[in-house]
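What follows is each chain in one-letter form.
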Amino acid sequence: MSRTVCVPRLIGLSALLVGAPLAAQSHWTTAPALPRACYRAQDTFEADVEKARTSLEEGLETQEQINKKLVDQVFNMDPAALNQRMMAVIQKDPAKAPEIMQAMQSLGTQEGQTAVKSAETEGGEFQAKKQKLIADYNADVKVVLGPIAQRAGDIENRTEAQRVAAFAELNRQYETVVCPRWFGKQIPDLLASYRTYLVEQRIPARAEAENTGARMFELFEIPATDFRPVAEQKGVLDYVRFASDLFLLRSVEPAKAGGR
């Protein structure tokens, strides 16, 4: 059996990029393009994922440390000092008084908490969908490839020619049935839904909560030009991990017939 197997390319992956414009969400450009080959050894997706994860995690850690220092200036301030600063700002600009009082009252409101909790709940549902997809994939592999793999591995009762033919059939079924069904359709579809959820629900809910707190910097005239919401970074990082988990299901390379 030839050791060189033509790797089929997957189709229909362009739909995965449908959603909010990437130009407006720079962190999405960090996410690597999804693999189009059936075998992991035929592309650099795993290395690309590791590079993206490292970049996102390092950037996230740095920004979170910056944000925490700024937030602590307001929320860890002694109540008396906080009240003193608030009164000083109001005396300087009385027109800010209503907005300051409203902002103070809005922090941690039930409405904001509910929005974030609702988005997080749906995120948990996607994790359940991922686990179900993995289970369904494994079941499909067992049904489609299991009997062929058994013939290919039957050293005692099969001739070498029969086993070579079985390995060829095993690769053919994987490349033409299993791979297109899961890595060309089911997995990209789930990832497209997950990305839409992140862009339209979880990221905006988290960003709104972050920006509500950040508004306090302006109201209390605390310099905070380095503050940046991290909701999108976290969302993209979760997406990259999600995609990695699913595409790691691919076979590393075509099956090869070994000697007796």
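Calculation rules
- Residues numbered from 1 in each chain as written.
- Predicted model: local features only at pLDDT ≥ 70, side-chain atom pairs only at ≥ 80, totals over all residues.
- Heavy atoms only, no water.
- Helix = DSSP H or I, 4+ residues; strand = E, 2+ residues; numbered from the N terminus.
- Buried < 20%, exposed > 50% of the residue type's maximum accessible area, 1.4 Å probe, protein only.
- Contact = heavy atoms within 4.5 Å.
- Phe/Tyr/Trp six-rings, centres within 6.5 Å; stacked < 30°, edge-to-face > 60°.
- Disulfide = S-S within 2.5 Å.
- Salt bridge = Lys/Arg side-chain N within 4 Å of Asp/Glu carboxyl O.

What follows covers the overall build of the protein. A count of helical and extended segments in the protein gives six helices and zero strands. When the helices and strands of the protein are listed from N to C terminus, the series reads α-α-α-α-α-α. Counting only residues that meet the buried cut, the protein has 37% of its 260 residues in that class. When contacts within the protein are restricted to residue pairs at least 6 apart in sequence, those whose partners lie at least 24 apart make up 83%.

Below, the discussion takes up the packing of aromatic side chains. Each aromatic ring pair is summarised here by two numbers: the centre-to-centre distance and the angle between the ring planes. The full count for this structure, using the stated rule, is ten aromatic pairs. Ring centres of Trp28 and Tyr239 lie 5.3 Å apart, and the angle between their planes is 70°; on these two criteria the pair is classed as edge-to-face. Taken together, the residues span a long stretch of sequence, with Trp28 in the segment before helix H1 (45-75) and Tyr239 in helix H6 (residues 231-247) at a distance of 211 residues. Accessibility classification places Trp28 together with Tyr239 in one group, the buried group. Linked through ring pairs, Phe45, Tyr137, Trp182, Phe183 and Phe247 together constitute an aromatic cluster.

The next point concerns the state of the cysteines. Per the counting criterion, the structure on display carries one disulfide. Covalent S-S linkage joins Cys38 and Cys179, the inter-sulfur distance amounting to 2.0 Å. Between Cys38 and Cys179, the S-S dihedral sits near -95°, and the bridge is therefore left-handed. Taken as a pair, Cys38 in the segment before H1 and Cys179 in helix H5 (residues 160-219) lie far apart in primary sequence, 141 residues in all. The class for Cys38 is buried, based on a relative accessible area of 0%.

Now for the environment of Ser251. Inspection of the secondary structure assignment puts Ser251 in the segment after H6. Taking the relative accessible area as the measure of exposure, Ser251 reaches 28% and is therefore partly exposed. Remark: the alpha-carbon pair of Ser251 and Ala41, spanning 210 residues in sequence, is separated by 8.5 Å. Setting aside anything within four residues of it in sequence, one finds Ser251 in contact with Cys38, Tyr39, Arg40 and Tyr174.

Right, let's talk about the pattern of salt bridges for a bit. Pairs may arise between side chains of opposite charge once their charged atoms sit close together. Taken as a whole, this structure holds 14 salt bridges when the rule is applied. Across the pair Asp136 and Lys132 runs a salt bridge whose closest N-O atoms are separated by 2.8 Å. With a gap of four residues between them, Asp136 and Lys132 both fall in helix H4 (residues 110-152), about one helical turn apart. Overall, the relative accessible area of 54% leaves Lys132 in the exposed class. As a salt-bridge pair, Arg202 and Asp238 come within 2.8 Å of each other at their nearest N and O atoms. Here Arg202 is found in helix H5, whereas its partner Asp238 is found in helix H6, with 36 residues between them in sequence. What you see here is one network of salt bridges that share partners, running through Glu57, Arg202, Asp238 and Arg241.

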